[in-house]
Amino acid sequence: MDRDQGISRPKQRRKDIARAPLYSPEERQRRDASVWTLVQGVLAPLQFLVFLGSLALVLRYLFSGEGGALANAAVVLKTLVLYTIMVTGSIWEKAVFGKWLFAPAFFWEDVFSMLVLALHTAYLVALFNGLLDARGLMLLALAAYATYVINAAQFLIKLRAARLDAAPPQSVAHGAYAP
C-alpha cells in the first residue's frame, strides 16, 4: 500500500521488469566468432564430470575412511581443471567484452569465482603443506565444491538469459502467452 496516498498498488512481478540484454550485438558477434566460446563449451561439462567423480571419492572417504589418496588426487585434478577454465574464461571475457575479468555482464559470477578459486587454492596449500588432517582436507574440498556448484548455477542462469535474449519474440497471435 502506498502510505502517501492510502491506495494499494499491485506488486510488479520480477519477470515483468525490463532487463538489458546480456550481450550487445557486437559482443554477441565476437562471442559467436571466438574459439574461446567453444573451449568454454567443452571445458564446462568436462569440469562438471570431474567434479562429480571427485565428489563421489571425497564422500566415499568421509563415510568409509577408504581411498584418501585417490580422493586427494581427484580434488587436485578438479582444481587443475578449474584453473584451466578460469584462465580460458578470462581470455574469453577479454575477447568478448574487452576486459579480462569483471565485465559488467558477468561481474557477480566473476566475484564468486574468486571465492571458488580461493577455496580450491586453500585446499592445495593445506594438502601440500600438511596444514590439515585427511578429514579436514575433505571438508575443505566439500566447502570448495559447494561454492563451485553455486558458481556453476550462476553461469547456467546467464546461459539461459543469453538464450532467451537470442530467441525471437513470440506473439499472442501465434498462441504464445504474453504476460
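Rules of the game
- Residues numbered from 1 in each chain as written.
- Predicted model: local features only at pLDDT ≥ 70, side-chain atom pairs only at ≥ 80, totals over all residues.
- Heavy atoms only, no water.
- Helix = DSSP H or I, 4+ residues; strand = E, 2+ residues; numbered from the N terminus.
- Buried < 20%, exposed > 50% of the residue type's maximum accessible area, 1.4 Å probe, protein only.
- Salt bridge = Lys/Arg side-chain N within 4 Å of Asp/Glu carboxyl O.
- Lys, Arg positive; Asp, Glu negative; His and termini not counted.
- Contact = heavy atoms within 4.5 Å.
- Phe/Tyr/Trp six-rings, centres within 6.5 Å; stacked < 30°, edge-to-face > 60°.

Asks: An account of the overall build of the protein chain is requested, with residue identities and associated values reported.
Replies: Tallying secondary structure elements over the protein chain gives five helices and zero strands in all. If you list the helices and strands of the protein chain from N to C, you get α-α-α-α-α. In the protein chain, which comprises 179 residues, the share counted as buried stands at 36%.

Asks: Please set out the pattern of salt bridges residue by residue, giving values where relevant.
Replies: Summed over the entire model, instances satisfying the criterion amount to three salt bridges. Between Arg60 and Glu66 there is a salt bridge whose closest N-O contact spans 3.6 Å.

Asks: I'd like a description of the side chain of Lys78, backed by residues and values.
Replies: Checked against the element boundaries, Lys78 lands in helix α3 (residues 68-97). The charged side chain of Lys78 is buried without a salt bridge, its nearest counter-charge being Asp110 at 15 Å. Beyond its immediate stretch of four places on either side in the chain, Lys78 contacts Gln47, Val50, Phe51, Ser54, His120, Tyr145 and Tyr148.

Asks: I'd like a description of the environment of Arg135, backed by residues and values.
Replies: The topology assignment puts Arg135 in helix α5 (residues 134-166). Along the chain, Arg135 and Leu62 lie 73 residues apart, while their C-alpha atoms are 6.9 Å from each other.

Asks: Lay out the packing of aromatic side chains with the relevant residues and their values.
Replies: Counted according to the given criterion, the structure contains 11 aromatic pairs. Aromatic side chains Phe51 and Tyr148 sit 4.9 Å apart centroid to centroid with 55° between the ring planes, which places their arrangement in the tilted category. With Phe51 in helix α2 (residues 35-64) and Tyr148 in helix α5, this pair connects stretches of sequence that are 97 residues apart. When its relative accessible area of 5% is taken as the criterion, Phe51 is described as buried. Since its relative accessible area comes to 6%, Tyr148 is described here as buried. Ring geometry for Phe102 against Phe107: centres 5.7 Å apart, planes inclined by 55°, an arrangement best described as tilted.

Take it as geometry only, folks, not as evidence of what the structure does.
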